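The primary structure of each chain is shown beneath.
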Amino acid sequence: MKLGVIGLGHVGLVTAVCFAEKGFEVIGMDKDKKRIQNLMNKKLPFYEPGLSELLEKNFNRLKFTDSIKEIIENVDVVFLCVGTPPLPDGSADLSQVEDASREIAKNLNKYLLIVEKSTVPVKTAEWIKKVMSLYVKKDIPFEVASNPEFLREGSAIKDFLEPDRIVVGIESDKAKNIFEEIYKDFKAPIIFTDIETAEIIKHASNAFLATKISFINMIADLCERTGADVIKVAEAMGFDKRIGREFLNAGIGYGGSCFPKDVKAFYRIGEELGLDFSLLKCVDKINEERVNKFIEKIKKILWIIRDKVFAVWGLSFKPGTDDVREAPSLKIVRKIIEEGGICRVYDPYAMENFKREFGESERIYYAEDIYDACRNAHAILILTEWNEFKKADFSKIKEMMETAIIVDGRNCLNMEKICKLEFIYIPTGRKGCGY
Ligand code: UGA
């Protein structure tokens, strides 16, 4: 069986490379000619741990093209991994899905199984079928299925190859057999459902995880007001198997290309169907507020931001990726600059993407390393919990700073060690030291 992947972003490219790793011949297609050219030269468009090595290893089973015709003529199953970005009202922009469906239909010459892998609103498969029927030549059979992807950036390969579960929405035994063949070497349970259920499972999972994060952030605020410790609260709650410890890390909120967009889109779906999805509106609001709360903390200690120098550690929306989409760093740096502060920013992988996304400003200095970022700084702001930050030489850093203040937006430092060095240390949702 030959597999095709349309849309070679994070999900698409990992899907293509991982299926090749499982022994399939895979053709990856993207409209971006430069991306295809780079992939043909084994150059990846983003950083993902281990992906480069896996691409190299399986290169003989992978083909890359910008031609929809080539992919449709040569594969038995095609995974749709195109982007579904948000529209101004929060709902998902499905124009790339429509475009791909139309192009597939026009080039169809034998049975094809078209599989949604991108996160899409419920009923998208129905639309794909409708659009396909409009453009497909008579009597050529096709089917649509939903097989949502649950991989995370930064641990994408492991998440793909060793998933907790595989969800498949199908409408026929033929499609079921195809998926059984595709996933025969995976150990995870396969949950077969109808297509709408599969579509909802993906949105519901992301919305639930985002809810966990906003919930613990709400509790973090309560802990700060009362002198309690959110890490202990999360730990103790997490021991309850019904709750679980994961995704209960308080901080400056969730970012990335999925949670912010999916929570808003899922809320819109509920609203459009006349349902009360206001819970998700609160989840989103709590998340949006995290940035202001973080800035307030800085002001509580430094009073005025104007002309203060900030060492900003971490720009990506989380460690293990160079992705800055919806990263809290963008908003925090912007606010500081607007108030007249200076940011000396550093990230091990995301500097280029941040530069591109943020644009130029004479108030930003792109530092060589964490130490360079701290020169004459009034405070270190930790926005991403990269491992190298935890291992820094804080005695050396203290000497370099104007005032030894650390605001830890990710609770990633060893508080005892930092407090011994007499820093003013302000974590999230727990009492720090020196203030
Ligand atoms: C998320 C989901 O976890 C994946 O299962 C899903 O496949 C993916 O979206 C998607 O829809 O494509 P991802 O956005 O890569 O994956 O990253 P996560 O690890 O989920 O983190 C999202 C954000 O939540 C990050 O900004 C992270 O810092 C934040 N977070 C996470 C917290 O603030 N606290 C936590 O306890 C966990």
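The structure under discussion appears in the preceding block.
Attention in this report is confined to the structure presented alongside it.

Procedures and definitions
Residues numbered from 1 in each chain as written. Predicted model: local features only at pLDDT ≥ 70, side-chain atom pairs only at ≥ 80, totals over all residues. Heavy atoms only, no water. Pairing = 2+ DSSP bridges. Helix = DSSP H or I, 4+ residues; strand = E, 2+ residues; numbered from the N terminus. Axes fitted to C-alpha atoms, helices over the stretch in contact; angles between N-to-C directions. Contact = heavy atoms within 4.5 Å. Near = heavy atom within 4 Å. Polar contact = N/O pair within 3.5 Å; in protein donor to acceptor, adjacent residues only side chain to side chain. Areas by Shrake-Rupley, 256 points an atom, 1.4 Å probe, with all protein chains shown as cover. Expected span 1.5 Å × (residues − 1). Buried < 20%, exposed > 50% of the residue type's maximum accessible area, 1.4 Å probe, protein only.

## Describing the sheet that holds strand S10 (residues 342-346)
In spatial order, the strands read S11-S10-S9-S12-S13-S14; together these six strands make up an open sheet with parallel pairing. Looking at which strands have only one partner, the edges of the open sheet turn out to be strand S11 (364-366) and strand S14 (424-426). Going from strand to strand, the sheet's axes swing by 20 degrees on average, the running direction of each strand aside. Together, strand S9 (309-313), strand S12 (379-382), strand S13 (405-408) and S14 form the strand contacts of helix H12 (residues 278-302), whose direction differs from that of S13 by roughly 160 degrees. Contacting S10 and S11, helix H14 (residues 351-358) crosses the sheet at an angle of about 155 degrees to S11.

## Structural notes on the site of the ligand
The full set close to the ligand counts 21 residues, and Phe150, Leu151, Glu153, Lys202 and Asn206 are the nearest of them. The contact in question runs from an oxygen atom of the ligand to an N or O atom on the backbone of Glu153, over 2.7 Å. In the model, an oxygen atom of the ligand is placed 2.8 Å from a nitrogen or oxygen of the Asn249 main chain. Within the complex, 92% of the 710 Å² of free accessible area of the ligand lies under protein.

## With respect to helix H11 (residues 259-272)
Compared with the 20 Å implied by 1.5 Å per residue over 14 residues, the 20 Å span of H11 between its first and last C-alpha is a close match. Burial within H11 is extensive, with 10 of its 14 residues counted as buried. Every buried residue of H11 is accounted for by Phe259, Pro260, Lys261, Asp262, Val263, Ala265, Phe266, Tyr267, Ile269 and Gly270. In the core, the buried residues of H11 are packed alongside helix H9 (195-226) and H12. Positive backbone phi, approximately 75 degrees, marks Gly274, located one or two places after H11.

From the geometry alone we can't say anything about function, so treat these as descriptive.
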